[in-house]
Amino acid sequence: MARFTLPRDLYHGKGALEALKSFTGKKAMICVGGGSMKRFGFLDRAVEYLKEAGMEVELFEGIEPDPSVETVMRGAEAMLKFEPDWIIAMGGGSPIDAAKAMWIKYEYPEITFEEMCKVFGIPPLRRKAHFCAISSTSGTATEVTAFSIITDYQKGIKYPIADFEITPDVAIVDPDLAETMPKKLVAHTGMDAMTHAVEAYVSTAHCDYTDPLAIFAIRMIQGDLVDSYNGDMSKRDSMHNAQCLAGMAFSNALLGIVHSMAHKTGAAFADYGAHIIHGAANAMYLPKVIAFNAKDSEAKKRYGVIADEMKLGGANDDEKVGLLIEYLRGMNDALNIPHCIQHYGPDSYPTEQGFVPEEVFLERLPEIAKNAIADACTGSNPRQPSQEEMEKADAASLHQSVTNTFKDEEYEQSRWLIHPNEYIAISLPESKAKPIREYNYLGPRARRAVKEMITDLFKIDLWASMKDIADRSCKLSSLISAWCEQHGIGIDYEDTVRQCFYRMRDQHAKKGINLNSTTRFHKD
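A short tour of the structure in this document, coming up. A quick note: this is a predicted structure, and the numbers were derived from the prediction, not measured.

Each value, and the rule that gives it
Each chain has its residues counted from 1, following the order in which its sequence is written. Per-residue local features of the predicted model are confined to residues with pLDDT of at least 70, and side-chain atom pairs are confined, for both listing and counting, to 80 or more; whole-chain, interface and lining totals are unaffected and use all residues. The basis for the side-chain values is all heavy atoms of the structure; hydrogens and waters are excluded. Note on conventions: DSSP H or I runs of at least 4 residues are helices, E runs of at least 2 residues are strands, and numbering of each starts at the N terminus. The cut-offs for exposure are 20% and 50% of the maximum accessible area for each residue type, with area from a 1.4 Å probe on protein chains only; residues under the lower value are buried, those over the upper are exposed, and the others partly exposed. Contacts were defined at the residue level, with two residues in contact if any of their heavy atoms lie within 4.5 Å. In this description, accessible areas are obtained by the Shrake-Rupley approach with a 1.4 Å probe, and a residue is regarded as covered only by the protein chains that are shown. The pairing criterion is simple: DSSP has to find at least two bridges between the two strands. In this analysis an axis means a line fitted to C-alpha atoms, helices contributing only their contacting stretch, and an angle means the value between N-to-C directions, from 0 to 180 degrees. Geometric relationships in this document are graded by angle, where less than 35 degrees denotes roughly parallel, more than 145 denotes roughly antiparallel, 65 to 115 denotes roughly perpendicular, and other angles denote oblique. For any helix crossing, the convention is left-handed if the near helix is rotated counterclockwise from the far helix by under a right angle, and right-handed if that rotation is clockwise. The classification used treats Ala, Val, Leu, Ile, Met, Phe, Trp, Tyr, Cys and Pro as nonpolar, Asp, Glu, Lys and Arg as charged, and all other residues, Gly among them, as polar.

Section: the overall build of the protein
Part 1: A tally of regular secondary structure across the protein gives 21 helices and 11 strands.
Part 2: Taking all 524 residues of the protein together, the buried fraction comes to 58%.
Part 3: Put simply, 73% of the contacts in the protein that link residues at least 6 apart link residues at least 24 apart.
Part 4: Of the accessible surface of the protein, which amounts to about 20,900 Å², a share of 51% is contributed by carbon and sulfur atoms.

Following this line, the structure appears as structure tokens:
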């Protein structure tokens, strides 16, 4: 027997915050974060609506990003003093997650944090209060889920609390709140939502009720996220719905080791001055975990279905998995998210040298892997990793390669460049290349055309010389000229050939391969 649980009521659409007016109760405690809800006037409106409903209102403010066990305990103590019959959590994932944990402690003051973390082991709630979650970000979907993430900073570990008891009674999904998100938050929460949907679809606990939600969320995120990031508010509103659908899927289908790894690396290097933001960690790890999981035949088949729904092409499941990985990496590029920890800066943006030293990462790797295996999300992953496999998977996060999370050498060596825009952009002067790079990524048909041509030009088993590079420059330039003409970008063909030749030669030089008229080499 399986279970499918969602909030009893979900109010959505612009102005949905007004639903608070209809609540019945005596006292409400509003739990909020760092001030954005107050700054944009939403907190005052929520207080006003609850008072209009006849309730006494008290605030618990200042919940930090990645909320701590200590914050949870302080919030529960405040609730025990005020005795609310409604807990209203408002903001991003952090205040909502913290309020869920506070709710447990409020109803059961003797419960320990360790007992809270027992998967589906929480006793019945709602003896003292009901819970309403109002999301202001488009990613965590904690307003509809049975999950909460709390950080133990003494151990440097994020712990998931998982139980249907903490599914909110009411969710309010008002896109007005999401329109206030800064650009970086749009990127991170959006890729968190994509990870939720993809992991839910391939989870061993997926079912007929969760699959449609996951697939439709993936299609919406594919169509909306990058435009939302670039300021399209209609897409921002749509993303708020998409992430909620992804949340409904994963709350019931559960997740996988992308989240296990993200939970256990997020705060693992806090002593080096920064956290690995949860959504960015998911974005970095997702392509690598897909490559790992695709060795399972059923998972590979389901990734192929995702690629089909995204219209990525591919003649078989192996090709479809490769195209899916490539597409997700292209999304990371478009959202300015690094591919690996090695290039993850303290501000979360890509940088040549990230804030985590490689030797420190490798030293902590066995403990990170052990904790990731024990994470609540690992049990529903399509492949159950051993300690050694989890260490390899976590080590992959250090590199940029599909199989390595600290560097990206393997992927770049096999592709040379990251995605089709770059194949086009390398041959153009910077003034012409810039708008192509900002085009984010090409449509599926153009991507396939470029990929097929590039694959033919850069076969891994091909020996090349200076003449070969010149010939390929002409072929590539022809394709680029046609593409640019189609998109209204005027270029000079001969100059393009020269630029393409020089850029290809430079690409070889960066790999330590210096060509002259007689040099031949094996590209691998």
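Notes on the sheet that holds strand β8 (residues 170-173)
Part 1: Pairing is parallel across the open sheet formed by six strands, whose spatial order is β1-β8-β5-β4-β2-β3. Edge positions in the sheet fall to β1 (9-12) and β3 (56-60), since each of these pairs with one other strand and no more. Within the sheet, the average angular offset between the axes of one strand and its neighbour, ignoring direction, is 15°.
Part 2: In the packing of helix α4 (residues 93-107) onto the sheet, contacts are made with β2 (27-31), β3, β4 (86-91) and β5 (130-135), and the angle to β4 comes to roughly 160°.

Examining unusual backbone geometry
Part 1: Unlike most non-glycine residues, A141 shows phi in positive territory, near 60°.
Part 2: Relative to the assigned elements, A141 resides in the loop between β5 and β6 (147-152).
Part 3: For A141, a relative accessible area of 0% puts it in the buried group.
Part 4: A positive phi is found at S348, a non-glycine position, where the angle reads about 80°.
Part 5: On the basis of relative accessible area, S348 is assigned to the buried category, the value being 1%.

Quick look at the packing of helix α14 (residues 358-373) against helix α15 (residues 387-395)
Part 1: The interhelical angle for the contact between α14 and α15, taken along N-to-C directions, is 120°, at an axis separation of 8 Å. Judged by the inter-axis angle, α14 sits oblique to α15. Viewed along their axes, α14 and α15 form a crossing whose handedness is right-handed. Contact residues: α14 offers F361, L365, P366, I368, A369, K370, A372 and I373, while α15 offers Q387, M390, E391, D394 and A395.
Part 2: Of the residues assigned to the contact of α14 with α15, the class counts are nine nonpolar, one polar and three charged.

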